[in-house]
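# A closer look at the structure
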Amino acid sequence: MVGAGPQTDNIVHRMAMDDKVPWYQKRNLRYLYFMLFPCLMGIEMTSGFDSQIINAVQIVPAWGNFFGHPTGGYKGILASALPLGAVIGLPFIPLLNDNLGRRWCVFFGSVMMIIGSLIQGFSINGAMYIVSRLIIGFGLPYAVVAGSSLIGELAYPRERAILTSLFNAAYFIGAIVASAITYGTQEIPSDWSWRVPSLLQMSPSLLQVALVFFLPESPRFLISKERYEEAFKVLVTYHAEGNEDSEFAKAEMTEIKTTIAIELEHSKRSWMDMIKTPGNRRRVIIGSLLGVMSQLSGNVVISYYLGDILNLIGFTDPSFQAKYNIGNQCLGLVCAIFTALLVMKFKRRTMFLTSISGILIIYVAWTISSAEAIMSGSKAAGKLCLFWIYAYQPCYNIGFNALTYTYLVEIFPYAMRARGISIFQFFGKAAQFFGTNVNPIGLDPVNGIGWKFLIVYCCWIAIESLLMWWLWPETSNRTLEELAFLFEDVDRAHAATKAVEKEIHHEDVKHQEEANVSETTSKDMV
């Protein structure tokens, strides 16, 4: 079950790897990459901002007073309304993403998040606050699905994996900013101590609304709509620095055009396509599991309920909790960027399996330390818990943060990509909704099981590691078009390669004929 389809000698990938000119020396590509950050990578800043808004405002006395010191299920729904909103909006994303384009989908999602943030900041009661978070959650996956797809589809093949990995790293920028802002505003002696950071949650979305149309549309989307000249212009401008005679741009155009034609020939662009063939069913299983694992590998406990965890082991000072939280997010950002820059050095399966194994070891050690700190009152064990929480960051980042969107863009071909990432989002947000509601109940030392709740995670993470080893295929060192037939017939996998070879051969013959004509003309003149 581990293996996947054939790997061909892909010409486009080879040509991209042989290109020794770095991206920062290419004017057009440099512009594209710098614009990707505020336009697309900033989308995940909203996710990070939100996780820390909920985490940090729980420490702010004014927030607790305003909402009646929520506990249990009420506390859970205040946090989980966002993933619930995402689940509601997900089925409609492909309609917008595949018909109007990636940029319009990002724009729509960002507008929804701005509206939700305004309502959140001016909420007058718990119900209004919950509705505002439903609206933010509804808009977020529109931007995430389209943004992650557009990054992968615009990037030069050599840097694609790094850029899609950096997409998730932006989560920590939002988390750090939210933690720092809330730490600063908690001294405000009014409700504005939590309203200010709630309103500032719209900041990344404002950037996307203002700048997203300065980016080109996905050439793969344009080709799917038979807008071939526009698609070729995008590839020439950003992958060939404006050289219309570039063999690479022509080969890439041929490969994309041929692959999408084969995909659409075997696809009706419907949800039923997702389970029509064994290969597609395996893609759906992997995408679904990756969504669940990305939220139920213990990270939601740290992201949303760090205060509860620290209270359990005796670190109850709000100022210490806020500083510790900021430090944790800063460590996460460093780890996320570092691992994103390493994705071209290691195979995908190696990174995923290393990540889940490290997470399992840390959770077991953390559980033992928590038991010792709580049951025997050991201060040393309590401090060791602080270490394990920090140690969790590099392990989670090696796999889930660095590779999630890189892997999703790779395993789902163009015709299925929007629906595939939507399925990932559905299961991810459903798992997040489940986790944010169950975690505060399970961690409650009075009405729940306290530190023993961590044992549940240890068991589940062990199961995750087995599923990952069994199901996850290797996808590194291939183009998106080559990966389109990862689980399909050998003939389909070779069709695009043959078309590219034909295009390059045609260009070689053309150049040879031009050279012969030039040589003959020179002789005649003599």
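Everything below is about the structure printed above this text.
Residues numbered from 1 in each chain as written. Predicted model: local features only at pLDDT ≥ 70, side-chain atom pairs only at ≥ 80, totals over all residues. Heavy atoms only, no water.

## Quick notes on the overall build of the protein
Where we set the bar: Secondary structure follows DSSP: runs of H or I at least 4 residues long count as helices, runs of E at least 2 residues long count as strands, and numbering of each begins at the N terminus. Partly exposed describes any residue whose relative accessible area lies between the buried limit of under 20% and the exposed limit of over 50%, with all areas from a 1.4 Å probe on protein chains only and scaled to the type maximum. Every residue pair with non-hydrogen atoms within 4.5 Å of one another is taken to be in contact. Here the Shrake-Rupley method, with its probe set to 1.4 Å, supplies the accessible areas, and only the displayed protein chains count as covering residues.
Each helix and strand in the protein was counted, giving 23 helices and 0 strands. Residue burial in the protein is summarised as follows: out of 526 residues, 60% are buried. Contacts in the protein between residues at least 24 apart in sequence constitute 84% of all its contacts with a sequence separation of at least 6. Summing over all exposed atoms, the protein offers an accessible surface of approximately 20600 Å²; the carbon and sulfur share of this is 66%.

## Describing the nonpolar core
Definition in use: Think of a nonpolar core as a cluster: buried Ala, Val, Leu, Ile, Met, Phe, Trp, Tyr and Cys residues, connected wherever their side-chain atoms sit within 4.5 Å.
Within the largest apolar cluster, 133 residues are counted, with the highest numbers of intra-cluster contacts made by Leu40, Tyr363, Trp366 and Trp472. In terms of residue count, helix α19 (residues 379-411) provides more of this core than any other element does, 17 residues in total. Setting aside residues up to four positions removed in sequence, tryptophan 366 forms contacts with Val301, Ile302, Ile309, Cys385, Trp388, Ile389 and Leu454. Grouped together as the second largest cluster of nonpolar side chains are 7 residues, Ala169, Tyr171, Ala175 and Ile176 included.

## As for helix α15 (residues 278-295)
Heads up, the condition is: Take the number of residues in a helix, subtract one, and multiply by 1.5 Å to get its expected span.
Here α15 is 18 residues long and its end C-alpha atoms lie 26 Å apart, about the 26 Å a rise of 1.5 Å per residue gives. For α15, the buried fraction is high: 15 of the 18 residues fall into the buried class.

## A look at a nonpolar patch on the surface
Applied cut-off: By definition, no residue in a patch forms a salt bridge, and every one has over 30% relative accessible area; like charges are joined within 9 Å, nonpolar side chains (Val, Leu, Ile, Met, Phe, Trp, Tyr) within 5 Å. Each reported salt bridge corresponds to a side-chain nitrogen of Lys or Arg within 4 Å of a carboxyl oxygen of Asp or Glu.
Residues Leu118, Phe122, Ile188 and Trp192 make up a contiguous nonpolar surface patch of about 360 Å² in total accessible area. Residue placement: leucine 118 occurs in helix α7 (residues 102-121).

## Remarks on the state of the cysteines
As a reminder of what qualifies: A pair of cysteine sulfur atoms is labelled a disulfide when the two atoms are within 2.5 Å.
Counted according to the given criterion, the structure contains 0 disulfides. Residue cysteine 395 stays outside any disulfide, its sulfur separated by 8.9 Å from that of cysteine 335, the closest cysteine.

## With respect to the packing of aromatic side chains
Selection rule: The pairing test for Phe, Tyr and Trp rings, Trp by its six-membered ring, is centres within 6.5 Å, and the orientation test on the planes gives stacked under 30 degrees, edge-to-face over 60, and tilted for anything in between. In this scheme, Lys NZ or Arg CZ marks a charge over a ring once it lies within 6 Å of the ring centre and within 35 degrees of the ring normal.
Taken as a whole, this structure holds 35 aromatic pairs when the rule is applied. Ring centres of tryptophan 23 and phenylalanine 34 lie 6.0 Å apart, and the angle between their planes is 70°; on these two criteria the pair is classed as edge-to-face. Of this pair, tryptophan 23 sits in the loop between α1 (11-18) and α2 (27-41) while phenylalanine 34 sits in helix α2, and the two are 11 residues apart along the sequence. An aromatic cluster is present here, built from Phe352, Tyr363, Trp366, Tyr392, Tyr396, Phe400, Tyr407, Phe453, Tyr457 and Trp472 joined pairwise through their rings. Seen from the ring of tyrosine 156, lysine 26 lies directly overhead, with NZ or CZ sitting 4.3 Å from the centre. One cation-aromatic arrangement involves arginine 195 over phenylalanine 66; the distance from NZ or CZ to the ring centre is 5.2 Å.

## Some remarks on the environment of glycine 42
With respect to the element layout, glycine 42 can be found in the loop between α2 and α3 (43-57). Along the sequence, glycine 42 and serine 205 sit 163 residues apart, while their C-alpha atoms lie 7.9 Å from each other.

## Considering the side chain of asparagine 168
For asparagine 168, the position within the fold is in helix α9 (residues 160-185). Using a relative accessible area of 7% as the deciding quantity, one classes asparagine 168 as buried. Apart from residues lying up to four places away in sequence, asparagine 168 is in contact with Glu44, Phe400, Asn401, Thr404 and Tyr405.

## As for the pattern of salt bridges
It is possible for side chains of opposite charge to pair when their charged atoms get near one another. One pass over the structure, following the stated rule, counts 10 salt bridges. A salt bridge links glutamate 153 to arginine 417; the nearest nitrogen and oxygen atoms lie 2.8 Å apart. Remark: arginine 417 occurs in helix α20 (residues 414-443) and glutamate 153 occurs in helix α8 (residues 126-154); sequence separation between them is 264 residues. Overall, the relative accessible area of 1% leaves glutamate 153 in the buried class. One salt bridge in this structure joins glutamate 159 and arginine 158, with 3.3 Å as the shortest N-O distance. Classification of glutamate 159 by relative accessible area gives buried; the value is 9%.

## Focus on unusual backbone geometry
Its identity as a non-glycine residue notwithstanding, histidine 69 has a phi of 50°, on the positive side. Tracing the sequence through the fold places histidine 69 in the loop between α4 (61-66) and α5 (72-89). A positive phi is found at glutamate 226, a non-glycine position, where the angle reads about 60°. Locating glutamate 226 in the fold gives a position in the loop between α12 (219-224) and α13 (228-239).

## So, the side chain of serine 246
To be explicit about the condition: Pairs of N or O atoms within 3.5 Å make up the polar contacts considered here, provided that, within protein, one atom can donate a hydrogen while the other can accept it, and that residues adjacent in sequence are counted only when both atoms are side-chain atoms.
Within the secondary structure layout, serine 246 lies in the loop between α13 and α14 (247-265). For serine 246, a relative accessible area of 10% gives the class buried. Among the polar contacts listed, one links the side chain of serine 246 to the backbone nitrogen of alanine 249, at a separation of 3.2 Å.

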